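Structure assessment
Each chain, letter by letter, is given below.
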Amino acid sequence: KEETSNPKVFGEYLPYSMHMAGPREAIQHMMIRKNYGCTHFIIGRDMAGSKSSVTGDDFYGAYEAQDLAKEMSERLGVKTVPSLNLVYSEEAGYVTADEADEKNYTQMKLSGTKFRKMLRGGEDIPEWFAFKSVVKVLRD
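Residues numbered from 1 in each chain as written. Predicted model: local features only at pLDDT ≥ 70, side-chain atom pairs only at ≥ 80, totals over all residues. Heavy atoms only, no water.

Here the focus is the overall build of the protein. Each helix and strand in the protein was counted, giving six helices and five strands. Across the protein, helices and strands are ordered from the amino to the carboxyl terminus as α-α-β-α-β-β-β-α-β-α-α. A total of 140 residues make up the protein; the buried ones form 28% of that total. A fraction of 34% describes how many contacts in the protein between residues 6 or more apart in sequence connect residues 24 or more apart. Of the roughly 10500 Å² of accessible surface on the protein, a fraction of 52% belongs to carbon and sulfur atoms. (Helix = DSSP H or I, 4+ residues; strand = E, 2+ residues; numbered from the N terminus. Buried < 20%, exposed > 50% of the residue type's maximum accessible area, 1.4 Å probe, protein only. Contact = heavy atoms within 4.5 Å. Areas by Shrake-Rupley, 256 points an atom, 1.4 Å probe, with all protein chains shown as cover.)

Bringing a positive patch on the surface into the picture now. Together, Lys114, Arg116, Lys117 and Arg120 line one region of the surface with positive charge. Looking at the secondary structure, you find Lys117 in helix α5 (residues 112–121). Lys117 gets classed as exposed once you look at its relative accessible area, which sits at 54%. (Patch = residues over 30% accessible without salt bridge, like charges linked within 9 Å, V, L, I, M, F, W, Y side chains within 5 Å. Salt bridge = Lys/Arg side-chain N within 4 Å of Asp/Glu carboxyl O. Lys, Arg positive; Asp, Glu negative; His and termini not counted. Charge placed at Lys NZ, Arg CZ, Asp CG, Glu CD.)

Right, let's get into the pattern of salt bridges. Tallied over the full model, the rule gives three salt bridges. Across the pair Lys103 and Glu99 runs a salt bridge, and its minimum N-O distance is 3.1 Å. The exposure class assigned to Glu99 is partly exposed, which follows from its relative accessible area of 26%. The salt bridge involving Lys136 is made with Asp140; its shortest N-O contact spans 2.8 Å. Classification of Lys136 as exposed rests on a relative accessible area of 54%. Given the relative accessible area of 70%, Asp140 is considered exposed.

Here is the structure:
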């Protein structure tokens, strides 16, 4: 593929698991990846977030990790690339959740928990959620 033929771009496995410690853990991940030579850090919504086992409430805001990473980016020497909160809409395909809300699109959603349950149960996974080839690999 064109992306993999560029010697400046490569993927690497980092043997470090999430500890669900919130925004500060996101900063730790940025620092570790910088030590591995990364110049950019893709950070998702609610990275390393966790919920109360009693109330089920989130300990951190959905974008706290992205905000802290952006604030620390220059100091750490790593450019942040925030992952947008995308949804699938019947009207326009993939759009940001904000755009779908603004335009009153019908949003199709599937949580990771529901996806794993469907995967284990052999249920059909909607193509808007995952490529058939990916589902096949996950099931094999």
